[in-house]
Structure formats: C-alpha cells, structure tokens
Amino acid sequence: MSETVQRKNVKNLELRAHMPQIFRGAALLALVATVLAIGVGFYRARNNKEFRMKSLPTELSKDVVAEINGYERREADGDVVKYYLKADHATAYTDNHLELENVFLQVFDDAGTNSDKITAQKAIYIPVEDGTKNFNAYFSGNVDIETRDALKVKTEQLSYDKATETAESEEAIEFARENVTGKSVGAIVKIKEKRLELLKAVEINASESPELAKSNVQYAKISAGNAVVDQSAEKIEFAHDVKINVMPTNSGELAQPTDIQANRATAFFIDKQVRKIDLNGNVEIFQKPTKNNTKWTKTKANRVVANVEKEVKRFELFESVDIETASNNDKPTKIKSNYAVYEKDADRFELKNGVEIVTVEDNKPTIIKSNDAVYEQSNGKIFLTGAAEITQGNDFLKGDNLTAELFANKKLKNGYAKGNAYLKQTTNERTTEVSANELNAVFGDNQQLQTANATGSSSAVLVPANAQEYSKVTLSAPNAIKLTFQGAGLLQQMQTDGRTTIQMNAPTNNPHASNKKLTADKVITIMNASGRDFQRAEAVGNAELFVEPLQSAPENYKTTINAARFDCDFFPTGNNAKNCAATGKSKTVRVPTVADTNRGTQTISADKLNAAFSQKTQDVESFEAFGNAKFSERDRNAIANQFSFSASDKVLRLRGGEPTVWDAQARAKAGEIDWHTRGEKSALRGKVSTTYYSQKQTGGATPFSNSGAPVFITAEAAEFNHQAETALYTGNARAWQENNYVRADRLFIKQKDGQLLGEGAVQSLLYNAKKRENGKESNVPVFAAAQKMIYNRSNNSLRYEGNVDIRQGTDRIVAGVANVLMNDKNEVAQTIAENNVVVTQPKRRAAGDYAQYTAENESIILRGNPALIEDAENGSSQGAQVTVFLRENRIVGESKTSQTNTGRIRSVYKIKKQ
C-alpha cells in the first residue's frame, strides 16, 4: 500500500478513535425522561461524548486511489485496547477522503473492558488540509449507537467536525436505554463545551420497568420543540411547547394521567442523579400518588424547577404557578402562586409571591391567600406570611402571618393569625368582625366557626343586615376578646379581658333612639338561642354605661352609670338592653341635651342600681337605687335608702331610711318623697319636716321676726312647686322660728307673693305686744287661734278668720275676723277685730261688732250696736263707740260716729264704799 493511502488510513483511524467520545454524548438524552418521569438513573451516561448532524459537503473527489475489502483496525495502549474499527469495504480518493461501507466502531473505556459501539451502512472521512490532524467524518444509513451503559441510538446521518469537536445530525434520531426511549429530529453535539442540542420534535418515553416498556406501557412521555444538554452546567434545557404526560401503570381509582406543559424546561443534575428540573412557560404537572402520599398533584406554572433522585422529589416553580392535587375521587386542591417548591416525600409546598389555595371547590369553598406560604398537605398545616387570608364560605380570616390546620376533607380546622389579625363571619342576619394583633379561630367538622380568641388590643363588631333596631355593636379590649359560637356557627358568647368598651349604635333613621356604650375591666356577653342578639351581658370592674340620645330635646338626657359591676338583660331582638343591674357603689349622671335654667345635671348614687330601658328609644325608662341612695340636680339634692325614677312621668321616688331633699334654701324630710323633676314639684308624705335655713330663704313669706334664724315646718304631708315657689303642708302642720310658731291643719307658703296661709285649727305665737304695768314696759307674746290665717309680707300683716281668739297675757280678744298689723320689729302695731268682738281683761269685758287695738297708746276702740264695756269695779258703759285707754284705765264713749247712728250713751257707775 502506498504511503499516501497509509496516511489517509491513519487519519481515518484517528477519526474512528474519536467516535466513542462523540457517541457518549447521546446518552444524555435519556436524562430528560429520568428527571420528568420517575427519576430513573439515566444520567449515568453523562460521560458519553456528544455529536451533531450536518449536511454532507457537495464537492468531494470522485477519483479513487485505492479500495480495501475487509478493512479492519485495532488501536491499543499497551495491553489495553482503545478502539476497534472495521468495514466491509473502504475506498480512498485523491482528495484524501475515505469512504467506508458497513462500518463497525467499538470504543473501550480506560480499563479496556466496557465499550461503546457504532454501526452504519456508510461512513466518510475527510481530513482538513491545514497541517493539523483535524477532520470531518460523516455516518449515514442505519446509524446505530450502543453505549457501554446500554444506551442505544439510531439515526440516518451523523456528521463530526474534529476542529470544533461538534457533531450534528439533521435526521430523525431514536434512542433507548432500559425503560427509557426517545427521539428527535436533528441534533448538535458540542463536545468541547459538553453541550448537546436537540433541534426539534424531541420526544422521550419512560416506563416504570423494562418489562413494562417491552409491553409498551408508558409511565411518562416528554416532548418539546427542542432541547439543550449542558454537561458542564449539569442541566438540560427544553424549549417550545414542552409537554410531559405521566400514565399510571396500575388500574383502579388512581388510574389518572399526569400532564405537564411548559414553554421552557430546565433540568439540573448532581452526581449520577438529576438534581433539578426548571420548567418555564405555561407549565402543567400531574404527579401520581405514592404509597405515602395518596394524592394526585397537578401543577401549572410559567417556570418549574424540580429536584429529583431516582424519581421526582422536589419541584421548584416560578411565575403563575398552578397546582392541583386530589385524593382518590375527591375534588382537587388548587394552588396558585408566582413561585413554589414542592417536596414530594413530605408532601410540602413552599409558595411565594402571591399565593392562592382552594382546598375544595364546593358550595362552601376554602380559599387561602397570602404573599408567601408553606403548605404541609399530608399534615394538613398551612403557614402563611404577608397579607394572609382564609375564606371558608361566609367566614373570613386574615393577618400579616397566619397558621392554619385543615381537616382530612381539606376544610379549615383552625387558623392562627398574627399581626393585623381580622375575622369576619357573615350570616343572613348579621356580620361579625373581630380584629386584634393575634387571633385564633377554631372551626368544627361541619365547617362552622366554634371559637375565636383575639389576643392583645382587640375589637369585635356586629353589624346587622337590617339596621332597624341597631346599626352596629362594637367591642374593644386591650388584652383579649373570646367569642364562642354554637350549632351552625351562631354567635353564643363574647368575653373580654382588660378595660373593655361595648358601643351599641342606634339606627340613624329613628330620631327617638339612643346610642349606648358599656365599659368595664371585663365583659361577658351571652347571645340568645338564635345567635342573632344579646341575651345577657356581664360587665365586671369599674363598669360604666353611657346612653346618648341621637336627638337633642328638653326631655332627653345623656346618661352615664358607673358601678363595680353591671348585669344586663336584653330584649329578645335588637341587641337593646332591657335592664341593667349595677352593684357596688353605683353612680348615675344625667346631663340634659338642651340647656335650660330649670334643668341641670342629675346625679344618682347608691349601693345598687337597676336601670330599665325603653325598647323603642333605647333610653333609660326607669331607675331603681338601693342603699344610701342620693340624688342631686343643680342645688337640689335628695337622699333615701331607696330611689325609683320613671322617665314616663319624670318622678323620683324616695323611700326608706328617712328620705330627705334639700336645696340652697331649705331641707325637707318625710317618710316618702316624690320628686316630679319634669314639673319641678315634690310631694312628701309621713312626718314631713322642713327647715328653711333662714327666714329670708322663705322669701319673707313667713311671719317671723328674725330674718337670719332658720324656720322649721312640720306636717303629715307636703307639696312643693319649685317653679311657683309654693309649699303646701297638710295634716297638723306647724311652722316655727325660735319661740314663734303657727300651727294649722294646712299651711300654704307662697314665696313669690310673700304669703303664708293657714287653714283649720290655726294657732300662732307670731309677735309680741308692748305693755306697761306699774310704770314698767314689757313685751308680751300674743297667742292667736282661728280657723284661717293669712300673712302678707307686703304690709307685714296677719289676718285671722273664723272663731278668732287672740291672747296677750291676761288680755283676750275673740271675734269673727282679726287683722293684725306689725311693725318692722314684728311687734303688734294695731289689731282690728270684727264680727261679734269680745275683749276681756281681768274684771273687765267689752263687746261690739268692731274693735281696734292700737299698741302705741294701748287703746281699744269698740263699735257696736251698741258697744258695751263692763267693769266689775267701775260699772259699765255702752254706746255707738267706746274707747278704752287701758294704760290710763279710762273710757270714752261716743253716741254717734261715722260707723254707727245709735245716738245714745249709757253708763252705770259703781260707788265705792268709804
């Protein structure tokens, strides 16, 4: 053989020596099936060199230099065989290219024991004339590759460029290894870069076992527009309409396919196992059930990354993630996010960047949302971070972070929200809202809310669907609020910890309604059987109830009740308090909504207080105060053992323990006192006792002389009109100041008019009369009795009517009527008596129709028809008018006056014996 032919043969053999490196790259194709299906260790063929198809050059020499039949070459390194090449026929051409027929190439490993094999109908070797040992080689016709790892590849054409270490195939290729088969159209292998590019129509099939593969039973099928295997980066990239279909090999309820779709997919590897799969663009993944996880998992995303060892262990998903998982024939759980990691063995999802989980789509779905989440599906636990919220039917729970536990049927069992926690329950009748820093909600297996515990500064709001009787109820507490629900999620009880406020707002369309606010250290509210309205409320510790009418009106008051504890009962509907019992030193303050000179702030205090409310207006309808009860309004005050107050008649009733009322002018006591606050009237019954702090406080309406001394009045009953400034005392009424007094069945004081009227058995000691005896002057008290007495402040006069009987020392005047004028010292200045007047002194008697006593000269003028004076020692006189000068013991008679026309005087004198 010529030297030229030998040189060409050597180059041809060098090409054959590189063929094992080229063909090893084909083994990497099987890795795709391993990653995306069951993770079978197809990656073990990664050390195979890669190849690429390329069109055969059109300009080759047709001049044959030599032809060899039975061409055969063996290359060895010592005793270790490197490769073996043979062909049925070899033809050498003048341009140094070599054509081979029925080619067989066997490339051994470093030990010389395992080998890769390539066969083809034809092969062309073309050296590169640049002084290097580079060349191009082309295989065609039933090209078969069988690697040392049992990878089998078939194609029609294969080209190799030694300079770039690139192999290329433009034809369809098929490959198989154990339970994995595949094909594509065209491939490029960049050996130096350890990079394989599958150009189009990539398809990989994987079965669970080689035996099933022989029966054409598939476990997974992968297809893509193209694929790239990057051995240095340990990854495979798929692009353009990537599709993965997983078919179960068993039958029965779990015989459901798994489908994955993506525009791009990337598989990452580590050691001999696939480390990661990265799928991009509209990805769909269905993962079959396993022994430990009986749930089907469906995943959708724009990008997916999965960690795998022998089978898929971990998925990492990016952008528009959509996951579906179901148990047996149950409805699936649907998960959406922009990033997700799914750990198959733990059945755990790590979700980020906008998470939505729908556990079951039915008439009461459970919808979970957050920025990030960890979902432990088998354990039924969910950990949500950032804008977390859960909706289950009409129940809604949210917070900055949220931990939830699910029942086996994927319904919410409990949820713990932390940071801006919020719970809302919506029913046909009402919406219930709870807010706190931390909140724990527990649900029953019927998916109904059972308890909700709010921790930290908390609030609860009840909003009725139809705000006819109330518009909103708000609870707030600094430490905690606990809500208990019954049956079908009906609110049963609310309990607070810490200084609590309950605000009950009345509907604005009811002008007569009132808002109420209840505050205490701890509050427990119990709902009625329907769960719609309050049945009872307990407020413990520094409790305060505030009632504020929506509309200001003269009859409306803002009411504040303070006590150690409140126990409130409610009307059957409307969340309106019916009665509140306050215990422990209670205090009530009522402030008028409209300022008025006759109205002021009312204050009621007692050891215990009951407040009843109107169902229509929600305002206080009545009070009952027990034990050391006190009342005050402006300067008016009252005390008793028991109070009762009715808003309908505005009457404050004082009972027990010597009820007492007083103001800046006077004080009154009685067995019973009714204070009519609306009409500013008072009625006192039973041992009435009144004290005016001075005679001035009576307005000068009492006929007592000392203006600075107190005036006392007693009676069996009394009635006061505070606006008219009148007082009526009945039943053994008696008024006195120091030693002066007036007594009657009835005493009526008119302060504005300056009058005192006495009626029935009037008796009085009201003034003094000056009297001179034996050259000495003295003040003698004057006693008067009559059926009626009238005192007038204007002229400082007293008028007695009916059986008048006036006594001054031993002197006495009886008449039908008597008018007494007093000076500024409250001493008698003049007394005028009329109608059957009789004046008596020791041993002297005078009678007539008219008598006028003048204190200044101690004289009595008598008129009558006739007027008669009888003196036991000096005789008698009669006439139309008789004047008696008591001090001088002298009598002057007149026969005719302007008042009488009798015209005669008659006198009888007694002569003393010598």
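Since this is a predicted model, take the numbers as computed values, not measurements. (Residues numbered from 1 in each chain as written. Predicted model: local features only at pLDDT ≥ 70, side-chain atom pairs only at ≥ 80, totals over all residues. Heavy atoms only, no water.)

**Examining the overall build of the protein**
And then number 1: Per the secondary structure count, the protein includes three helices and 57 strands.
And then number 2: Residues classed as buried in the protein amount to 52% of the 914 residues present.
And then number 3: Summed over its atoms, the accessible surface of the protein is roughly 39,400 Å², and 43% of this surface lies on carbon and sulfur atoms. (Helix = DSSP H or I, 4+ residues; strand = E, 2+ residues; numbered from the N terminus. Buried < 20%, exposed > 50% of the residue type's maximum accessible area, 1.4 Å probe, protein only. Areas by Shrake-Rupley, 256 points an atom, 1.4 Å probe, with all protein chains shown as cover.)

**Examining the side chain of Ser682**
And then number 1: Position of Ser682 relative to the elements: it lies in strand S44 (residues 681–692).
And then number 2: By relative accessible area, Ser682 is classed as buried at 4%.
And then number 3: A polar atom in the side chain of Ser682 sits 2.8 Å from the side chain of His722. (Polar contact = N/O pair within 3.5 Å; in protein donor to acceptor, adjacent residues only side chain to side chain.)

**With respect to unusual backbone geometry**
And then number 1: The peptide bond linking Asn865 to Pro866 adopts the cis configuration, its omega dihedral lying at -5 degrees.
And then number 2: Its place among the elements puts Pro866 in strand S54 (residues 859–871).
And then number 3: Non-glycine residue Ala387 carries a positive phi angle of around 50 degrees.
And then number 4: By the secondary structure assignment, Ala387 is in strand S22 (residues 381–392).
And then number 5: Despite not being glycine, Glu725 shows a phi value in the positive range, around 60 degrees.

**Examining the nonpolar core**
And then number 1: Among the nonpolar cores identified, the biggest contains 135 residues, and Phe566, Phe643, Tyr729, Tyr767 and Tyr800 are the most heavily contacted of them.
And then number 2: Ranked by the residues each element gives to this core, the list is headed by strand S34 (residues 534–549), at six residues.
And then number 3: Ignoring anything within four residues of it in the chain, the contact list for Tyr767 reads Asn740, Val780, Pro781, Val782, Leu798, Tyr800, Ile806, Val820, Met822, Asn826 and Val828. (Core = buried A, V, L, I, M, F, W, Y, C linked by side-chain atoms within 4.5 Å. Contact = heavy atoms within 4.5 Å.)

**Some details on the pattern of salt bridges**
And then number 1: All chains considered together, the criterion is met by 22 salt bridges.
And then number 2: Linking Asp607 and Lys585 is a salt bridge whose minimum nitrogen-to-oxygen distance equals 3.1 Å. In this pair, Asp607 is assigned in strand S37 (residues 602–613) and Lys585 in strand S36 (residues 577–592), connecting sequence segments 22 residues apart.
And then number 3: With its nearest N and O atoms 2.9 Å apart, the salt bridge here joins Asp674 to Arg655. Separated by 19 residues along the polypeptide, Asp674 in strand S43 (residues 672–676) and Arg655 in strand S40 (residues 651–655) bring together distant segments of the chain.
And then number 4: Overlapping salt bridges, with partners in common, bring together Arg536, Glu538, Arg565 and Asp567 in one network. (Salt bridge = Lys/Arg side-chain N within 4 Å of Asp/Glu carboxyl O.)

**Focus: the packing of aromatic side chains**
And then number 1: Following the criterion strictly, the structure yields five aromatic pairs and no others.
And then number 2: Ring geometry for Phe396 and Tyr422: centres 6.0 Å apart, planes at 65 degrees, overall edge-to-face. Of this pair, Phe396 sits in strand S23 (residues 395–406) while Tyr422 sits in strand S24 (residues 412–426); the two residues are 26 residues apart in sequence, bridging distant segments of the chain.
And then number 3: Overall, Tyr422 belongs to the buried group, its relative accessible area being 14%.
And then number 4: Each ring, one from Phe720 and one from Tyr729, has its centre 5.6 Å from the other, and the planes form 85 degrees; the classification is edge-to-face. Here Phe720 and Tyr729 have matching classes, each one buried. (Phe/Tyr/Trp six-rings, centres within 6.5 Å; stacked < 30°, edge-to-face > 60°.)

**As for the environment of Val838**
And then number 1: Structurally, Val838 is set in strand S52 (residues 828–841).
And then number 2: Taking the C-alpha atoms as reference, Val838 lies 6.6 Å from Gly848; in sequence the two are 10 residues apart.

**Some words on the confidence of the model for the protein**
And then number 1: Per-residue pLDDT for the protein averages 77, and the proportion of residues at 70 or more is 77%.
And then number 2: Low pLDDT (under 50) marks residues 248–258, which in the prediction has 33 contacts with non-local residues, meaning those over four places away or in another chain.
And then number 3: For residues 270–277, every residue scores under 50 in pLDDT, and the model assigns this stretch 41 contacts once sequence neighbours within four places are set aside. (pLDDT = per-residue confidence, 0-100.)

**Some words on the environment of Leu483**
And then number 1: Along the chain, Leu483 turns up in strand S29 (residues 480–486).
And then number 2: C-alpha separation for the pair Leu483 and Ala460, spaced 23 residues apart in sequence, amounts to 9.0 Å.
And then number 3: Leu483 has contacts with Thr432, Val434, Gln450, Thr451, Ala452, Asn453, Leu491, Gln493 and Met494, leaving out every residue within four places of it along the chain.

**Things to note about the state of the cysteines**
And then number 1: Evaluated as defined, the whole model comprises one disulfide.
And then number 2: What pairs with Cys568 in a disulfide is Cys580, and their sulfur atoms sit 2.0 Å apart. An S-S torsion of about 115 degrees defines the bridge between Cys568 and Cys580 as right-handed. Here Cys580 lies in strand S36 and Cys568 lies in strand S35 (residues 557–570), a separation of 12 residues in the sequence.
And then number 3: Owing to a relative accessible area of 2%, Cys568 belongs among the buried residues under this scheme. (Disulfide = S-S within 2.5 Å.)

**Structural notes on the pairing of strand S33 (residues 522–527)**
And then number 1: With respect to burial, S33 is a largely interior element, five of its six residues being buried.
And then number 2: Sheet analysis places strand S30 (residues 490–497) next to S33, joined by three bridges and oriented antiparallel. Note on S33: the bridge partner recorded for Gln495 is Ile524.
And then number 3: Of the pairings in the sheet, the one linking S33 to S34 comprises six bridges and is antiparallel in character. Following the sheet pairing, Lys522 is matched in S34 by Val540.
And then number 4: Where S33 folds back on S34, the antiparallel hairpin that results is connected by six residues, among which Gly531 adopts a positive phi of roughly 75 degrees. (Pairing = 2+ DSSP bridges.)

**Here we look at the side chain of Gln602**
And then number 1: As for its placement among the helices and strands, Gln602 is situated in strand S37.
And then number 2: Gln602 sits in the buried class, given a relative accessible area of 2%.
And then number 3: Of note is the side chain of Gln602, whose polar atom sits 3.4 Å from the side chain of Glu633.
And then number 4: The residues contacting Gln602, other than those within four sequence positions of it, are Tyr557, Thr588, Val589, Arg590, Phe631, Ser632, Glu633 and Thr677.

**Some words on the pairing of S30**
And then number 1: One ladder, built from seven bridges, connects S29 with S30; its direction is antiparallel. Across the sheet, the residue bridging to Leu483 is Met494, located in S30.
And then number 2: Once S29 ends, the chain turns through three residues before running back antiparallel as S30, passing Gly487 with a positive phi of about 50 degrees.

**Description of the environment of Glu319**
And then number 1: By the element assignment, Glu319 lies in strand S16 (residues 311–327).
And then number 2: In this structure Glu319 comes out as partly exposed when scored by relative accessible area, which is 46%.
And then number 3: Put simply, Glu319 and Lys336 are 17 residues apart on the chain and 9.4 Å apart in space, counted from C-alpha to C-alpha.

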